[in-house]
Amino acid sequence: MDGDATVVGGGLSGLVAAVRLADAGADVTLLERHSAVGGRVRTETVDGFTLDRGFQVLFTGYPAVERELGSDALDDLDIQRFDPGATICRPGSRSVLSDPMRDPRHALASLRNDEISFSDKLRTLALRYDLDRRDEADFFSGPDASIREYLRSWGFTDEYLANFVEPFYGGITLDRTLSTSKHVFEYTFRAMSRGAIGVPAAGMAALPDALADRARAAGVDIRTGTAVESVRPASGGRLSFGGSSDADRAVVELADGSTRETDVVVVAASPPESRRLTGIDAIPTEGVPNVTGWYALPADAAPDSGRRILLNAAGESPNAVVPMSTIAPEYAPDDRALFAATFLGDEPLHRPADALRDDVRDALRAWFPDGDFADLETVDVHRIRFAQFAQPPGVHATLPDVDDPEGPVVLAGDYTEWSSIQGALESGKTASAAARAYL
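Notes on the structure follow. Because the structure is a prediction, the values reported are computed rather than measured. (Residues numbered from 1 in each chain as written. Predicted model: local features only at pLDDT ≥ 70, side-chain atom pairs only at ≥ 80, totals over all residues. Heavy atoms only, no water.)

Re the overall build of the protein
Selection rule: A run of H or I in DSSP counts as a helix once it spans at least four residues, and a run of E counts as a strand once it spans at least two, with each numbered from the N terminus. Put simply, the radius of gyration uses C-alpha atoms, and a globule should come to 2.2 Å times the residue count raised to 0.38. To sort residues, take the accessible area from a 1.4 Å probe on protein chains only and compare it with the maximum for the residue type: under 20% means buried, over 50% means exposed, and anything in between is partly exposed. Working rule for contacts: check all heavy atoms of both residues, and any pair within 4.5 Å makes them a contact.
Counting its secondary structure elements, the protein contains 13 helices and 20 strands. The C-alpha atoms of the protein give 22 Å as radius of gyration, which agrees with the globular expectation for 439 residues (22 Å, within 12%). Considered along the principal axes of its C-alpha atoms, the protein spans approximately 70 × 50 × 40 Å. Within the protein, the fraction of its 439 residues that count as buried is 57%. Pairs at least 24 residues apart make up 73% of the contacts formed inside the protein by residues separated by at least 6 positions.

Section: a nonpolar patch on the surface
Threshold: Each patch groups residues whose relative accessible area exceeds 30% and which form no salt bridge, using 9 Å between like charges and 5 Å between nonpolar side chains of Val, Leu, Ile, Met, Phe, Trp and Tyr. Areas reported here follow the Shrake-Rupley algorithm with a probe of radius 1.4 Å; residue values treat only the protein chains shown as occluding. For salt bridges, the criterion is a side-chain nitrogen of Lys or Arg within 4 Å of an Asp or Glu carboxyl oxygen.
Together, F118, L122 and L125 make up a nonpolar patch on the protein surface, roughly 290 Å² of accessible area in all. Topologically, L122 is positioned in helix α5 (residues 118–132).

Observations concerning the packing of aromatic side chains
In this description, an aromatic ring pair is defined by two values, namely the gap between the centres and the angle between the planes. Going by this rule: Stacked, tilted and edge-to-face are the three classes applied to pairs of Phe, Tyr and Trp rings, where Trp contributes its six-membered ring and a pair requires centres within 6.5 Å; stacked means planes under 30 degrees apart, edge-to-face means over 60, and tilted covers the rest.
Overall, the coordinates contain 15 aromatic pairs when judged by the stated rule. Where F140 meets Y187, the ring centres are 5.8 Å apart and the plane angle is 45 degrees; that geometry is what we call tilted. Placement of the pair is F140 in the loop between α5 and α6 (147–153) and Y187 in helix α8 (residues 182–194), with a sequence separation of 47 residues. Y187 gets classed as buried once you look at its relative accessible area, which sits at 4%. Ring geometry for F185 against F189: centres 5.3 Å apart, planes inclined by 25 degrees, an arrangement best described as stacked. Highlighted residues: F185 and F189, both in helix α8, separated by 4 residues, approximately one helical turn. F189 carries the same exposure label as F185, and that label is buried.

A few points about the sheet that holds strand β7 (residues 86–90)
To keep things clear, this is the line we draw: The criterion for strand pairing is that DSSP finds at least two bridges linking the strands in question. Interaxial angles span 0 to 180 degrees and are taken between N-to-C directions of axes, which are lines fitted to C-alpha atoms, for helices over the stretch in contact.
What the 7 strands build is an open sheet, ordered β8-β7-β16-β17-β18-β15-β19; its pairing is mixed. Each edge of the open sheet is held by one strand with a lone partner, namely β8 (93–97) and β19 (377–389). Within this sheet the neighbouring strands show an average axis-to-axis angle of 25 degrees, counted without direction. Pairing of strand β16 (residues 309–312) with strand β17 (residues 320–322), which is carried by 2 bridges, proceeds in the antiparallel orientation. Of the residues in β17, the one forming a bridge with L310 is V321.

Some remarks on the pairing of strand β13 (residues 259–262)
Here β13 shows one buried face, formed by R260 and T262, and one open face, formed by T259 and E261. Judged from the 4 bridges that link them, strand β12 (residues 250–254) and β13 form a sheet pairing that is antiparallel. Within β13, the residue paired with A250 across the bridge is T262. Here β12 folds back onto β13 in antiparallel fashion, the turn holding 4 residues, of which G257 has a positive phi close to 95 degrees.

What about the pattern of salt bridges?
One pass over the full model with this rule turns up 27 salt bridges. D120 serves as the salt-bridge partner of R123, at 2.9 Å between the closest nitrogen and oxygen. Taken together, the residues R123 and D120, both in helix α5 and 3 residues apart, mark about one turn of the helix. Here the salt bridges share partners, and the residues they tie into one network are D130, R133, R134, K182 and E186.

Rendered as structure tokens:
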């Protein structure tokens, strides 16, 4: 296939689109305004600690993960896996709730867990069986409802929702009220039953880095630190998005005033930036915030927490605490223990870092009364105003298609699917297919 393509944005969807277009024979240039690719999937090193930009995990059960990376690259990521399930915590009490199908060693402990009724445990197994039988095409279509309404329709009790689902899915959807679309619950619940949750040993940025390596190997010219001002038809004026356009090629105008002409543009920037560049009003720009605090202890003072997420069943600040260096020892120096704590809603965006740390210290002291947390210190706090786009019931039916813009331009981003790594990867694949029509 002949022709040249320009990808605007080096997040997961843009990288996948670039790889696929280059593999098909196109001459591809990827423009990323930041100094590194990855979009919202980023990692930094602070004082020897590996910190992802906000608490993020990889669901190995997402079908697009192995498809877009390949099994060899996925193995090279050295995924450090969480133990299935979670630990439900309240003052003076910790109880394991695991998946007996994937973690039979803790089946008895889960059976004895009195935070969840036996009938709710049976309903969980029935729900798992129902979702596992569904075809991939059956998700994100049909009638919708909130997660809370959906689980109540299955007969789950309020205690199950409050003790487990609210804090656990609060971490996934950043919405402890369970007002997010049930489609998100269904898809992620099935993914967890089919695979593991984990992080690459080198941090979540290893995922876009692996895709970037694939892109360069395919011949993609990746240019970081390159911002895009506008996209317009080669004949002049602006592209007629949402209307008709007879432009055969497009011009990408860079922030430095230079331009490049191209057969097709794949707009894979953030949702607000993609909306600015294309004028497609269906691109969602309402974001859900997340605050992630990273905290350290001397290694010999770290509690024996296991390799599970610690859910706060008695309060909302923090929503959960994750023993990151227990799960992924590479995330911390040998003599230190690293924890990630998540805070939901708008209020934590403005709280002082010391106040957030004190909440984490108080929670750990309550959950581990014999522990010593006096030396708990803040490594960093990530305050992210747009961690996901909002996903209330019905939103997925209103999202734009990748080929909604007229003329030689297509969209790529999780906002064309659903807010997740799976959505971003799938969107890149769909966008590349649409872009090939212009080459």
